[in-house]
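An overview of the molecular structure
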Amino acid sequence: MKKDSQPANSSPRQGENYLEVLKQCNDLLLEQKRRLEEDLEKQRKLCTLLKLKVRELADANRAFGAERKIQATEIARLTAQVQKGHEKIFNTAFTAGSITRQVMELLNSRSFVWTNFLRYTDRTLLNFSIQGKVNFFRKVSSRILRNKRMQLPSALQGIDRELQLLNAALSELCHEVNLDGSGCQVPATVAPPIPEIPIAPPFEAVTQWKHIFTPGRGEAPSRTVAIATLLFYDADGRNYMHGGAERYLIELFGIIQSMGFEAVVVQAGNSDWTLAHHCEYGELPVTALHSELLFNSFSEAVNRWQNENPCALMIYSPFLIASLYSAPNSLGISHGIFWDDPHYRVTQETVIFHQKAIRQAIANCHELISVDTNTVNWYRTMCHDAEVKMNCIPNFVNRREFHPLQNAEKRRKLRIVYPRRLYAARGFNLVLEVFPELFRKYQDIELELIGQIDDNARKQLKDFLGKFHGRVKHRCCPPEEMPEVYRRADIVLVPTCYSEGTSLSCLEAMASGCAVIATNVGGLPELIINRFNGLLIAPEAEALAEALTQLIEQPELRQDIAENALKTSKCYDLVRWRDEWRKVLERKLGKSRERRIEFVQLAAPGMTWNAMKQRPQQLFQALAQMGFESTYISDEPMVNQSLLGDIPPQLHIQPNGFIPNLNGKYLYLYFPNIIYHRNFTYGELIRNSDCKIIFDILDDPSIHTNPETGKADPVFMNNFEMLLKNADFVITSARQLYEKYSGIRPDMKLVFNGVTLEDFRLRTVPERPADLPDDGRKIIGYYGALAQWVDFDLIEQAAKALPELHFVLIGLNVNEEEISRVTALGNVHFLGLKHYNQLAGYLRYFDVATIPFKINPVTDAASPIKLFEYCASGTPVVTTGFAEVMQYREQGVMVAESRDDYIAKLKQAAGLKDEDLEKLRKKLEALAESNTWAIRASIIADMVREKQDNTEETEDVR
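Residues numbered from 1 in each chain as written. Predicted model: local features only at pLDDT ≥ 70, side-chain atom pairs only at ≥ 80, totals over all residues. Heavy atoms only, no water.

Under an unreviewed UniProt entry, the protein chain has the name Glycosyltransferase and belongs to Victivallis lenta.

Dropping the structure here:
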């Protein structure tokens, strides 16, 4: 049977004459070049006309009305034509590249290496420019040909020459299209920015990528996950953006870190800069790349950065950053449909252009995570033949922070809260339109606007506040204050007009037990079922006014939907969101090594979970928040789960009769007098158990000296020395102890104590405790163990010298005689032991917080947790001069040099003026922020990871 003739532009068959096919390809390339020359000439003329129109618009910058509108429309039309011409040129160039690739395949068709390499590079090269493809294949082919001792045919050399001319023409066009002659881009409000032709990554970067990630190979060697976002801080790195998208990325950072990977945020900036963002999961590195605040420009900058900084996974937030390039292993995040914004719908041409860019960006990502099904359904409809894997993970709410106010008092006025940025997309214009009539109709309502103001709405806000002074308030709140804002609200408005996903504000309001009014925009209908857990309305002023009227006049309806909203919010709990994201990341990065890292704390005498929350409890809670399974055995026969509060799901509190399986676990020990269960000694524990031991030296051993014999307990010292020498890890909380024992254990880590900031930065003023003195005198306060290291003589001396002040002591009474002596003074008060959760309430009413320790080897080796807790509350701190506090003198802590100086500093601190007090508080709060338990726990986690990685590398070598 006669075979069909092969089309000229199809792939050459093996066995045909090489030179004949090469000539055919060369002729095809010459034809493509001719077409390009014609298109380029047309494009130059269009660009010249477009630049002229842009200059005219710039000259008429102060023009108003029809003249400016006509000019803007003309520029939009010309821009669309340029875009079409640009796409035509690029498609022609891509055809030329395809022909070149066929030539390369033909020349190397018998090469097994080449065939496999092509299979790998298919996806990677999708986003290269035409010249990038040519360079890539030419270099690889020349290496293979050289290895085969073959000469490059003359016809192929001709192809190279044609493509060099082609690349020069395209580069010239790229420069011409993107500049208007004066260096100004086409205004974004008139027409979208013209896309630039991508610049190919260097060949060396491609060879690096092959080693970093090969599809199907499992976990990548790199341990860094990069998150690209346009702005995390502002372009100068001065101000954190404080938005929902930023909160989303911080939670992602926590998951990534718990999996044993490092994370870095990459953003656009006015210059290259780096900083560390402090959050509850530790320090998140932020790197700014010098780039315009446009997705195309930033996409190029990210591409250059990732070539120089290979990473295991690149996350694009939002996915549009991948519009030009994507990394070999990538994820895109859709925070909701944003192309319903009117700016994306200026003309039909701009709609088509943007939708094409959006589809391309999604296609460039290997997987897309959407916060709502709205995006997923749009993509399925518009791109039915797409192969991109899509996953829907709705947004989250941290129900530990956002919850209803218990025993709330009834207010005279109904409080309505708008907790969004004040601009059109979030429905601020609707609020301005409906409330004048509502204020006239209802005298018992008030409106609180919480959010940053858009520049275009500043005058409107000023007029609105002036007209309804006393009934409308506006302020910006940091994230930590938002839970209290919702708890004080009756009705919350989420009147979005466009660009919305599954709103964090909506979820937070629902979890706080508020009645929510939301529009049927974006992902909001996935959260709100009309008249069940909220009111769902059209984004129109009339609908908003009607919904508000219903909730104002019908308290029963308001209460019903608020209760149902609270129940619904459980489905969006942060814990579930973390689990879903962890599955995605494990699929992209491989199973987390930290799944095998579990911590266990054995019961120690008197160390219950709820009594005094000390270093072990705080470390275990912080490790659990990082995602590590952590078991704390409390010294009590039964654990009342209802008293534990809202603890991380990875934290397990067990009674002292619980016998853990220690195999493969990391056992945390700090009190060497404990005998392991079933009468195992420490020696037997070390020899027989397949676990890793972390020995934490909290105090100098002399603290356990028997006062009668003057010697330390021999069992204690024997266990102490055994653990010091044989434990897998040794850490300590104080510099003095580190200097004392690091000679024996050079691998010892110094892990200072810390603070859980949210426990001591109260969002509301608590009720004054009834047992605090309340006669107008200021209070000097101390809480902690009232043991032998407390200087009761100093307290007595200070109380006598300062009768105008009260001295309040809170804590465990282990020295009854001394406490009785000092409380005999009229201005010294002992209030007993208080629960950890009560301490911040007392601290709020301390005018000065103090640590009156004796100075001896025990206190010199002490790192007092209360120091950082005092600082977190912003309360002035006065201490005696023991070694560990000396390093904080420059950071606001007032350290006394003598007994008289201690009394003088107490008087000075109690008499601070408001201005000086505010400056001091800022210094103390900054000190607390750099000493959190999350930071301390991350040191332990890194220590364990490093040892684990070294062990696995050793096993691999074997």
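Backbone-to-backbone hydrogen bonds join strands into a sheet, with any given pair of strands oriented parallel or antiparallel. Sheet architecture is open: seven strands sit in the order E17-E16-E15-E18-E19-E20-E21, paired in parallel fashion. Looking along the sheet, the strands with just one partner apiece sit at the ends: strand E17 (651-654) and strand E21 (749-750). Across the face of the sheet, helix H18 (residues 615-625) comes into contact with strand E15 (598-601), strand E16 (629-633), E17, strand E18 (666-669), strand E19 (692-697) and strand E20 (729-732) while running at roughly 155 degrees to E16. Relative to E19, helix H20 (residues 714-726) is tilted by about 120 degrees, and along the sheet it contacts E18, E19 and E20. (Pairing = 2+ DSSP bridges. Helix = DSSP H or I, 4+ residues; strand = E, 2+ residues; numbered from the N terminus. Contact = heavy atoms within 4.5 Å. Axes fitted to C-alpha atoms, helices over the stretch in contact; angles between N-to-C directions.)

One pass over the full model with this rule turns up 28 aromatic pairs. Centroid distance Phe 319 to Phe 338: 6.0 Å. Interplanar angle 40 degrees. Geometry classified as tilted. Highlighted residues: Phe 319 in the loop between strand E5 (313-316) and strand E6 (330-334) and Phe 338 in the loop between E6 and helix H9 (348-364), separated in sequence by 19 residues. The class of Phe 319 is buried, set by a relative accessible area of 0%. A residue is classified by how much of its surface remains accessible, and Phe 338, at 16% relative accessible area, is buried. (Phe/Tyr/Trp six-rings, centres within 6.5 Å; stacked < 30°, edge-to-face > 60°. Buried < 20%, exposed > 50% of the residue type's maximum accessible area, 1.4 Å probe, protein only.)

With that settled, consider the environment of Cys 571. Within the fold, Cys 571 resides in the loop between helix H16 (555-569) and helix H17 (574-589). You can call Cys 571 partly exposed: its relative accessible area is 49%. With 174 residues separating them in the primary sequence, Cys 571 and Val 397 have C-alpha atoms 9.4 Å apart.

So, on to empty space enclosed by the protein. Empty pockets left among the atoms are what a rolling probe the size of a water molecule brings to light. Applying the stated criterion to the full structure yields eleven cavities of 30 Å³ or more. The volume enclosed by the second largest cavity comes to roughly 100 Å³. Lining the second largest cavity are Gly 254, Ile 255, Ser 258, Tyr 281, Arg 578, Asp 579, Arg 582, Gln 625, Met 626, Gly 627 and Gln 650. Residue assignment for the lining of the second largest cavity shows that the elements contributing at least two residues are helix H7 (244-258) and H17. Here the residues of the lining of the second largest cavity sort into three nonpolar, five polar and three charged. Both of domain 2 (224-392) and domain 4 (599-750) provide at least three residues apiece to the lining of the second largest cavity. (1 Å grid on protein atoms, 1.4 Å probe; cavity = no way out; pocket = protein on both sides within 12 Å on 5 of 7 lines; lining within 4 Å. Points joined across faces, edges and corners; volume = space filled by probe spheres on them. Nonpolar A, V, L, I, M, F, W, Y, C, P; charged D, E, K, R; others polar. Domains from an automatic or database assignment.)

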